[in-house]
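Listed below are the residues making up each chain.
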Amino acid sequence: MKWLAVILCLWAVPAFAVDPSEVLDDPVLEERARDISQGLRCPVCQNESIDESNAPISRELRVLLRERLLAGDTDAEVRDYLVARFGEFVLLEPDRSGVNVILWWAAPTLLLLALAIGWAVIRRKPTDRDPSLTEEERAELNRILDS
Amino acid sequence: MFIELAHFALILALVVALAQTVVPMVGAARGWRGWMTFAEPAATSQLILISFSFAVLTWAFVVSDFSVELVYANSHTAKPMLYKISGVWGNHEGSMLLWVLILALFGAFAAWFGSNLPATLRARVLAVQGSISVAFLVFILFTSNPFVRIAVPPLNGRDLNPLLQDPGLAFHPPFLYLGYVGLSMTFSFAVAALIEGRVDAAWGRWVRPWTLAAWMFLTVGIALGSWWAYYELGWGGFWFWDPVENASFMPWLIAAALLHSAIVVEKRETLKSWTILLAILAFGFSLLGAFIVRSGVLTSVHAFANDPERGMLILLILGVYLGGALTLFAARAGVMQSHGAFGTVSRESALVLNNILLAVSAFVVFIGTIWPLVAEMVFGRTLSVGPPFFDAAFTPFMVLLAIALPLGSLLAWKRGKLGRAKGPLVGLVVLSVALALLAYAVYAGRSMVGPAGVALGVWVVGGAVLDLWMRAGRGPVGDRLRRLVRLPRGDWGKTVAHLGMGVTIFGIAAMTAWNVEDIRAVNIGESYDVDNYNVTLTSVDAVKGPNYDSTMAVLTISHNGGTPFILTPEKRFYPVAQMPTTEAAIQNGILRDVYVVIGDPQANGGYAVRVYIKPFANWIWGGAILMSLGGLISLTDRRLRIAVGARKQSTVPAE
């Protein structure tokens, strides 16, 4: 069935991602490598970082970024190097340029707006009582709510 | 023949649902009592018909009837019985059938237990619920028929995806659907109230049990999924901000907001239009979730049934229901005037803040989830939005929420002062900070997330306990304890749920900050130390399972030279599906989990072994269990049960 086939390619084998043979001897450099690889997306899998993914391409990318680190690149240079080759698709944290401004600032803006509206609602002079209720209905309602 | 009967029953259910939509709605509009009461037998027979369909499909899976295409594609004779049954909903068609079954179940419950709702409201609620059934039954019958036969039945099936053959995942979808579909009930109540033209305190009280139930199931469903990901996917993560996870998280956040705002409607007759809007949006997000999971427009590890045509139909359902409800909402905004007045500092204001934070945080998840789609379609940028974005953009809202929670819950209605809670609260702040400093000292040099999580966790948990204690009134401790026991269940539910929230916050922060990881190639017989644990790879054996072959490692582990325990992580291979899986072995503990995974054989002999020490991992799910338990306790509150029959039937609105 098609969906089974799809799952087979989607769910990269959930075994091991980082293999002991890839690990750098320098623990500081290795730590940086892990940090970077957790922020890079496996190009052929679905929504997995290359740190988690077991796909061959992820392994190559992990090795490649470690080579760049050994060559003395900064973290940013390593990321730029990979983005130049695979596109910004590989960045799990989208940058803040261009239209991505909307992505990053939509929620803070909405929060401020919501707080302003909330404040207005709280300070609003209330209308007195529900005009749609008759006196008996209101008494009934109070009886129910007090039970 | 039963398969054909089941298919026929499903068609009949569609007819019944159509009648359930039209007849009571007309009856309510015209005031014809007979037409209104039609809703109840209709809801009951709909449930009976769909149950029959579902039972037959389950039977086909149990006896491995491979003349049914769905069974052939998702089952195998060698599969354990539990997974034969869970295989019914481990695929698109079967899970849609489960969806409508639950839809009918909720409708029937509303019919059976809503006998004291005003007749017109009940008729309209059931009619709206029926119309949702119509949409999904049409969807199943025309695009996803589970009862398609194969002319020449194969000898054996193609097996269920091995990753789904797991007890955690067997029960994850039913709970999730109970939550998703439970929100259809609040939607029906909201739309019915809008048609009816009145939203009052009694409405707030009626809609709350349904919201509570849906939220509770959703909590359990999400927690099960996250727990499964933790022990099954083999790298010890518990949340990946995957589109499909987000799809379940958004309705959860909105339902949590709705839960709180419905209290305000009930107690204070204000925030009405907002509450109605939330009730509509909550189900809207449920439908959006269904769209995300089943259309494949967003790439996800969970991709389930990627079919654009089905996606379009769900999008159509989403558009019609959400658009229709929102239009109705705009047209009827006038009837939802608020009446209760409250001070700037009051429980009402605190709940407004709670709602703002929950709703905006749901929006963060929403925009992050759909942004790759928008960016590509509108702006031509192919990009990804992953965990780093959500961690950065979502977490602040939860931090604010946690800070505000104890303060808000201690405020009184109308005009609040912290009053006599002030002293204990200052003490609680000191305690939180002190414990955070202690954590900082113990885990020196580690991420600040840990101490921050400790402070927030202690603050929220302490706040919840303090809240309950203050409710017990004044006087000697003995009297207070006696009063504590007699407090309404709702108060206990609130405390337990808030406690759970604090526990989960702490668990997530602790596990994120203090996780220890060790990856290395290990030879058989080799021994090494990770943190305070001594690990020995004793042996690696080939083992045969019921429907898989396993490479099982035996690791002997001891803590600080104490009594050793044995963990047996496996790599399994499922020959039918031609798919390997990793089975992590975990020694669960209250303070930490020891989590080991066995990897591939290494070139120079030995095996890759990954060992994690995950501190306080179980607190994450423990907190989720407490949260849903809090919901359950609240649900048993006498006031809610009475509320089911609260408003008198005589209040039939004027035409």
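Draft legend 1. How the structure looks around the overall build of chain B. Each helix and strand counted, chain B has 20 helices and ten strands in total. For 655 residues, the compact-globule formula gives about 26 Å, and the C-alpha radius of gyration of chain B, at 27 Å, lands near that figure. For chain B, the spread of C-alpha atoms along the principal axes amounts to about 85 × 75 × 55 Å. Every one of the 655 residues in chain B was classed for burial, and the buried ones make up 58%.

Draft legend 2. Fine view of the overall build of chain A. Counting its secondary structure elements, chain A contains six helices and zero strands. Taken from N to C terminus, the helices and strands of chain A fall in the order α-α-α-α-α-α. The buried share of chain A, reckoned over its 147 residues, is 29%. Residue pairs at least 24 apart in sequence account for 51% of intrachain contacts in chain A once pairs closer than 6 positions are excluded.

Draft legend 3. Looking closely at the domain arrangement of chain B. Residue and element names in this part refer to chain B. For chain B, the assigned domains are domain 1 (1–165), domain 2 (205–308 + 326–412), domain 3 (413–513) and domain 4 (516–617). Averaged C-alpha coordinates put domain 2 and domain 3 at centres separated by 24 Å. Across the boundary between the two partners, domain 2 contributes 16 residues, which contact 15 residues of domain 3. Among the secondary structure elements, those contributing two or more residues to the side of domain 2 that touches domain 3 are helix H10 (243–268), helix H13 (347–379) and helix H14 (387–410). For the side of domain 2 that touches domain 3, the leading source of residues is H14, giving six residues. Considering only residue class, the side of domain 2 that touches domain 3 consists of nine nonpolar, three polar and four charged.

Draft legend 4. Focus on helix H8 (residues 167–196) of chain B. Residue and element names in this part refer to chain B. Over its 30 residues, H8 extends 45 Å from the first C-alpha to the last, a length consistent with the 44 Å expected when each residue adds 1.5 Å. Among the 30 residues in H8, 24 count as buried, and that is most of the element. Two residues or fewer after H8 comes Gly197, characterised by a positive phi angle close to 85°.

Draft legend 5. Quick look at the sheet that holds strand E10 (residues 607–615) of chain B. Residue and element names in this part refer to chain B. Taken together, four strands build an open sheet; the order of strands is E1-E10-E9-E8 and the sheet is antiparallel. The outermost strands of the open sheet, each flanked by one partner alone, are strand E1 (516–522) and strand E8 (585–587). Across the sheet, the mean angle separating the axes of adjacent strands is 15° when strand polarity is ignored. When strand E9 (residues 592–601) meets E10, the two strands line up antiparallel, connected through eight bridges. Bridge assignment links Val597 to a residue of E10, and that residue is Arg610.

Draft legend 6. Here's a closer look at the pairing of strand E7 (residues 579–583) of chain B. Residues and elements named next belong to chain B. Both strand E6 (residues 570–574) and E7 contribute to a ladder of five bridges, which runs antiparallel. By the bridge assignment, Phe573 is partnered in E7 with Pro580. Once E6 ends, the chain turns through four residues before running back antiparallel as E7, passing Gln578 with a positive phi of about 55°.

Draft legend 7. A look at the environment of B:Ser45. All names here are of chain B. Positionally, Ser45 belongs in helix H3 (residues 39–62). Assessed through the 18 C-beta atoms surrounding it within 10 Å, Ser45 is described here as partly exposed. Distance from Ser45 to Ala17, taken between C-alpha atoms, is 9.3 Å for residues 28 residues apart in sequence.

Draft legend 8. Representation of the packing of H8(B) against H10(B) within the structure. All names here are of chain B. Orientation of H8 relative to H10, taken along the N-to-C sense of each, is 45°, at an axis distance of 11 Å. Between H8 and H10, the crossing angle belongs to the class labelled oblique. Here H8 runs over H10; the crossing is left-handed. Residue-level inspection shows Leu176, Tyr180, Leu183 and Thr186 of H8 in contact with H10, the latter providing Ser248, Pro251, Ala255 and Leu258. When its residues are assigned to classes, the contact of H8 with H10 shows six nonpolar, two polar and no charged.

Draft legend 9. Representation of the confidence of the model for chain B. Residue and element names in this part refer to chain B. When the pLDDT values of chain B are averaged, the result is 88; 95% of them are 70 or greater. Overall, residues 643–655 carries pLDDT values under 50, and its contacts beyond four positions in sequence, including any with other chains, amount to 26 contacts. Scoring of the predicted complex yields 0.90 for pTM and 0.82 for ipTM.

Draft legend 10. Region of interest: the pairing of E6(B). With four bridges connecting them, strand E4 (residues 549–559) of chain B and E6(B) associate as antiparallel partners. Note that in E6(B) the partner of B:Thr551 across the bridge is B:Lys571.

Draft legend 11. Quick look at the nonpolar core. Residue and element names in this part refer to chain B. Of all hydrophobic cores here, the largest spans 221 residues; its most connected members are Val100, Phe136, Phe189, Ile254, Ala255, Ala279 and Ala282. Looking at this core, the element that brings in the most residues is helix H9 (residues 201–232), giving 20 residues. Those residues in contact with Ala282, other than ones at most four positions away along the chain, are Leu183, Thr186, Pro251, Ile254, Ala255 and Leu258. Within the second largest apolar cluster, 22 residues are counted, among which are Leu555, Ile586, Ala608 and Val609.

Definitions and limits used
- Residues numbered from 1 in each chain as written.
- Chains lettered and ligands numbered in written order.
- Predicted model: local features only at pLDDT ≥ 70, side-chain atom pairs only at ≥ 80, totals over all residues.
- Helix = DSSP H or I, 4+ residues; strand = E, 2+ residues; numbered from the N terminus.
- Rg over C-alpha atoms; globule rule 2.2 N^0.38 Å.
- Buried ≥ 20, exposed ≤ 12 C-beta atoms within 10 Å, placed from the backbone.
- Contact = placed C-beta atoms within 7 Å.
- Domains from an automatic or database assignment.
- Nonpolar A, V, L, I, M, F, W, Y, C, P; charged D, E, K, R; others polar.
- Expected span 1.5 Å × (residues − 1).
- Pairing = 2+ DSSP bridges.
- Axes fitted to C-alpha atoms, helices over the stretch in contact; angles between N-to-C directions.
- Parallel < 35°, antiparallel > 145°, perpendicular 65-115°, else oblique.
- Left-handed = near helix turned anticlockwise from the far one by under 90°.
- pLDDT = per-residue confidence, 0-100.
- Core = buried A, V, L, I, M, F, W, Y, C linked by C-beta atoms within 7 Å.

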